[in-house]
Amino acid sequence: MRVLIVEDEPYLAEAIRDGLRLEAIAADIAGDGDTALDMLTTTAYDIAVLDRDIPGPSGDEVAEHIVASGSGMPILMLTAADRLDDKASGFELGADDYLTKPFELRELALRLRALDRRRAQNRPPVREIGGLRLDPFRREVYRDGRYVALTRKQFAVLDVLLAAEGGVVSAEELLARAWAENADPFTNAVRITVSALRKRLGEPGIITTVPGVGYRIDAHTSPGPAGEGGGRG
């Protein structure tokens, strides 16, 4: 389990990190909201431990970002306030658990393990086809054993295509499922993202264009001229 601790009190943050490591829980520290958002973008964490009162974007804003990302990452909020209204507002933002300061590190570790068990029970299945492996839970992609770094949008598009199990997915459906509901239907974002995704995945091309219809995953595609097998577009 890997945890992100978002806490602006250095001594407390380090004490939490060191205590969790003794419990065999890996932990990183972000001392402000901006750092937390950067770390969430570059590293796959299992759980976020958020202090609500931090510099920059608040813990509440970081929680909103996590929920909006659709990652399903559990959130445990830390606060000095023990009022029911404060806890209620935290749960409304998407928190899965709450711990009031001061607290015992042992209790924090127990709560984190409980959250991790709950998440494990709801893990989406790993998708595999033609040497391509996508793990929605850890948001990781491998091609023939090679790790492939993808942007959030590229990952979302690939996830939709793999879920179709070889079926054709239209550009309109990709736009609806991988972008916001109010995305411009005339945008070329899908074509650009699919093109970039093909480059990231490498050869032989595995995303086939079905002219006038959409895109599909073809596990049996072999390299060929544009428009054949792994056609571009």
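These numbers were taken from a predicted model, which means no experiment stands behind them.

A.B. asks: Just to check I follow, could you spell out the side chain of R143 for this structure?
C.D. replies: Relative to the helices and strands, R143 resides in strand β8 (residues 140-143). Although R143 is buried, it makes no salt bridge; D144 carries the closest opposite charge, 4.2 Å away.

A.B. asks: Explain the side chain of T79 here, please?
C.D. replies: Position of T79 among the secondary structure elements: in strand β4 (residues 75-79). T79 sits in the buried class, given a relative accessible area of 9%. Each residue touching T79, except ones within four places of it in the same chain, is listed here: R52, Y98, L99, T100 and K101.

A.B. asks: What am I meant to see in the packing of aromatic side chains here?
C.D. replies: Aromatic ring pairs are described here by two measures, namely the spacing of the ring centres and the angle between the planes. Inspection of every chain in the model, using the stated rule, returns one aromatic pair. Taking the centre distance of 5.5 Å and the plane angle of 65° together, the rings of Y142 and Y147 count as edge-to-face.

A.B. asks: Mind showing me how you'd approach the pattern of salt bridges here?
C.D. replies: Two side chains carrying opposite charge are able to pair once their charged atoms lie near each other. The tally for this structure, following the rule as stated, stands at twelve salt bridges. Residue D97 is joined to R111 by a salt bridge in which the shortest nitrogen-to-oxygen separation is 2.8 Å. Of the two residues, D97 sits in strand β5 (residues 97-100) while R111 sits in helix α5 (residues 105-121), which places them 14 residues apart along the sequence. Salt-bridge contacts for E107 lead to R111; the nearest nitrogen and oxygen are separated by 2.8 Å. In this pair, E107 and R111 both sit in helix α5, four residues apart, roughly one turn of the helix. What makes E107 partly exposed here is its relative accessible area of 31%. Through salt bridges with shared partners, a single ionic network connects E7, D51 and K101.

A.B. asks: Would you mind showing me how to read the UniProt feature "modified residue: 4-aspartylphosphate" (unreviewed entry) in the protein here?
C.D. replies: Per the UniProt annotation, the sites labelled "modified residue: 4-aspartylphosphate" (unreviewed entry) are D51. Tracing the chain through its elements places D51 in strand β3 (residues 47-51). When neighbours within four sequence positions are excluded, D51 is seen to be in contact with V6, E7, D8, G59, L78 and K101. For D51, the side chain forms a polar contact with the main-chain nitrogen of D53, separated by 3.1 Å.

A.B. asks: Honestly, the pairing of strand β10 (residues 207-210) in this entry has me stumped. Any pointers?
C.D. replies: Within a regular strand, side chains alternate between the sheet's two faces. In this sheet, strand β11 (residues 214-217) lies alongside β10 in antiparallel orientation, the contact comprising four bridges. Bridging across to β11, V210 finds its partner in G214. Where β10 folds back on β11, the antiparallel hairpin that results is connected by three residues, among which G212 adopts a positive phi of roughly 75°.

A.B. asks: How should I be thinking about the sheet that holds β8 in this particular structure?
C.D. replies: Strands pair in a sheet through their backbones, by hydrogen bonds, and they do so in one of two ways: parallel or antiparallel. What the four strands build is an open sheet, ordered β6-β7-β8-β9; its pairing is antiparallel. Strands at the two margins of the open sheet, each flanked by one partner only, are β6 (127-129) and β9 (146-147). Sheet topology note: the β8/β9 ladder contains two bridges and is antiparallel. Along β9, the bridge assignment pairs R143 with R146. Contacts between helix α6 (residues 152-163) and the sheet are confined to β6, β7 (132-135) and β8, with β7 contributing the most and set at about 110° to the helix.

A.B. asks: Even after reading the chapter, I still don't get the pairing of strand β2 (residues 26-30), so can you show me in this structure?
C.D. replies: Judged from the five bridges that link them, strand β1 (residues 2-6) and β2 form a sheet pairing that is parallel. Each residue of the ladder has a partner; that of I5, found in β2, is I29. With helix α1 (residues 10-22) bridging β1 and its parallel neighbour β2, the resulting β-α-β unit is right-handed.

A.B. asks: What is the right way to look at the sheet that holds β5 in this model?
C.D. replies: Strand order in the open sheet made by the five strands is β2-β1-β3-β4-β5, with parallel pairing throughout. This sheet does not close on itself; its edge strands, each paired only once, are β2 and β5. Neighbouring strand axes in the sheet, compared pairwise and without regard to direction, differ in orientation by 20° on average. Here β4 pairs with β5 via four bridges, running parallel. Of the residues in β5, the one forming a bridge with L78 is L99. In the packing of α1 onto the sheet, contacts are made with β1, β2 and β4, and the angle to β2 comes to roughly 170°. Along the sheet, helix α2 (residues 33-42) makes contact with β1 and β2, crossing β2 at roughly 140°.

Basis of the calculations
Residues numbered from 1 in each chain as written. Predicted model: local features only at pLDDT ≥ 70, side-chain atom pairs only at ≥ 80, totals over all residues. Heavy atoms only, no water. Helix = DSSP H or I, 4+ residues; strand = E, 2+ residues; numbered from the N terminus. Buried < 20%, exposed > 50% of the residue type's maximum accessible area, 1.4 Å probe, protein only. Lys, Arg positive; Asp, Glu negative; His and termini not counted. Salt bridge = Lys/Arg side-chain N within 4 Å of Asp/Glu carboxyl O. Contact = heavy atoms within 4.5 Å. Phe/Tyr/Trp six-rings, centres within 6.5 Å; stacked < 30°, edge-to-face > 60°. UniProt positions renumbered as here; feature names shortened; annotations may be inferred. Polar contact = N/O pair within 3.5 Å; in protein donor to acceptor, adjacent residues only side chain to side chain. Pairing = 2+ DSSP bridges. Axes fitted to C-alpha atoms, helices over the stretch in contact; angles between N-to-C directions. Right-handed = clockwise from strand over helix to strand, strands pointing away.

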